[in-house]
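Topology and contacts: notes
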Amino acid sequence: MSRNIKKPLICLAAIVAAGCANTPNPLEGYEEVQPAAVAEIPEPSTADFPAGQLERGRYMVTLLGCGNCHTNGALVGRPEPGKALAGSDVGIAWTNPLEDARPGVVFPANLTPDTETGLGHWSIEQIVTMLQSGVNNHGGRSLPVMPWQAYSRLMPEDAKAIAMYLKSLPPVRHEVPASVRPGQRTGHAYVHFGIYQSRQ
């Protein structure tokens with residue numbers, strides 16, 4: 001009879017720095033931050049879509065916490081006024097910084113309809129596709145830090161309402177930094193979220 005031994009899971013945010021006296025601190029060089037619990041998101045600025053759809057879209061964007069990553073400064077607890085949903089200069093590591101001294105880092109995109117730095121050239125259908133499949137308007141797949149796997153279960157009408165809401169926002173020009181691959185250096189701050197299991 002086999003026994004199913006569960007390995008302990010650990011959330012990076014909950015690691016205790018003390019640990020074992022002989023074990024090096026895996027979080028040396030990191031500091032704890034308090035991300036914004038709920039970043040404020042703006043009112044629609046156009047009436048190009050039905051009011052009910054825009055209200056539903058704003059509700060869904062709030063519920064899904066899109067502003068908590070896609071608002072500049074929100075990831076470190078200091079959301080920048082005027083940059084709601086306009087992308088983040090603070091990145092998110094998508095490889096393990098406890099193993100990689102220079103992890104891969106992605107920077108949350110500008111979701112406003114700015115034509116140079118945001119979703120201005122995206123169609124409603126392209127935004128819906130991105131939400132539900134992680135595929136962008138150039139055919140590339142989003143990294144897992146964008147939780148499209150969960151969003152794939154959105155009702156089609158909710159995904160469309162989100163897209164309409166985003167397209168109705170006032171455009172904000174804000175070019176986010178380019179993502180970096182593991183081993184490359186970024187000159188920008190980043191955070192890391194992850195759950196780990198013991199190898200023992």
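Residues numbered from 1 in each chain as written. Predicted model: local features only at pLDDT ≥ 70, side-chain atom pairs only at ≥ 80, totals over all residues. Heavy atoms only, no water.

**Considerations on the layout of surface pockets**
- In this model, the largest pocket occupies a volume close to 1,100 Å³.
- In this structure, the largest pocket is lined by 45 residues; those nearest its centre are His-70, Pro-108, Ala-109, Met-130 and Ser-142.
- For the lining of the largest pocket, the elements supplying multiple residues, two or more each, are helix 1 (51-64), helix 2 (66-70), strand 2 (91-93), helix 3 (124-133) and helix 5 (156-168).
- Residues that form the lining of the largest pocket fall into these classes: 27 nonpolar, 15 polar and 3 charged. (1 Å grid on protein atoms, 1.4 Å probe; cavity = no way out; pocket = protein on both sides within 12 Å on 5 of 7 lines; lining within 4 Å. Points joined across faces, edges and corners; volume = space filled by probe spheres on them. Helix = DSSP H or I, 4+ residues; strand = E, 2+ residues; numbered from the N terminus. Nonpolar A, V, L, I, M, F, W, Y, C, P; charged D, E, K, R; others polar.)

**A closer look at the nonpolar core**
- Ranked by size, the top nonpolar core spans 25 residues in total, and within it Val-61, Leu-85, Ile-127, Leu-131, Ile-162, Tyr-165 and Leu-166 carry the most contacts.
- Of all the secondary-structure elements, those providing two or more residues to this core are helix 1, helix 3, helix 4 (148-151) and helix 5.
- Counting residues per element, this core draws most heavily on helix 5, at 6 residues.
- Excluding residues within four positions of it along the chain, Val-61 makes contact with Ile-41, Cys-66, Leu-85, Ile-162, Tyr-165 and Leu-166.
- Residues Leu-75, Val-90, Ile-92 and Val-191 belong to the second largest nonpolar core, which totals 6 residues. (Core = buried A, V, L, I, M, F, W, Y, C linked by side-chain atoms within 4.5 Å. Buried < 20%, exposed > 50% of the residue type's maximum accessible area, 1.4 Å probe, protein only. Contact = heavy atoms within 4.5 Å.)

**Notes on the confidence of the model for the protein chain**
- Averaged over every residue, the pLDDT of the protein chain is 84; residues scoring 70 or more account for 84%.
- Between the elements of the protein chain, mean pLDDT differs from a low of 42, seen in strand 1 (residues 9-11), to a high of 97, seen in helix 5.
- Under a pLDDT of 50 for its full length, residues 1-21 has, in the predicted model, 24 contacts with residues more than four places off or in other chains. (pLDDT = per-residue confidence, 0-100.)

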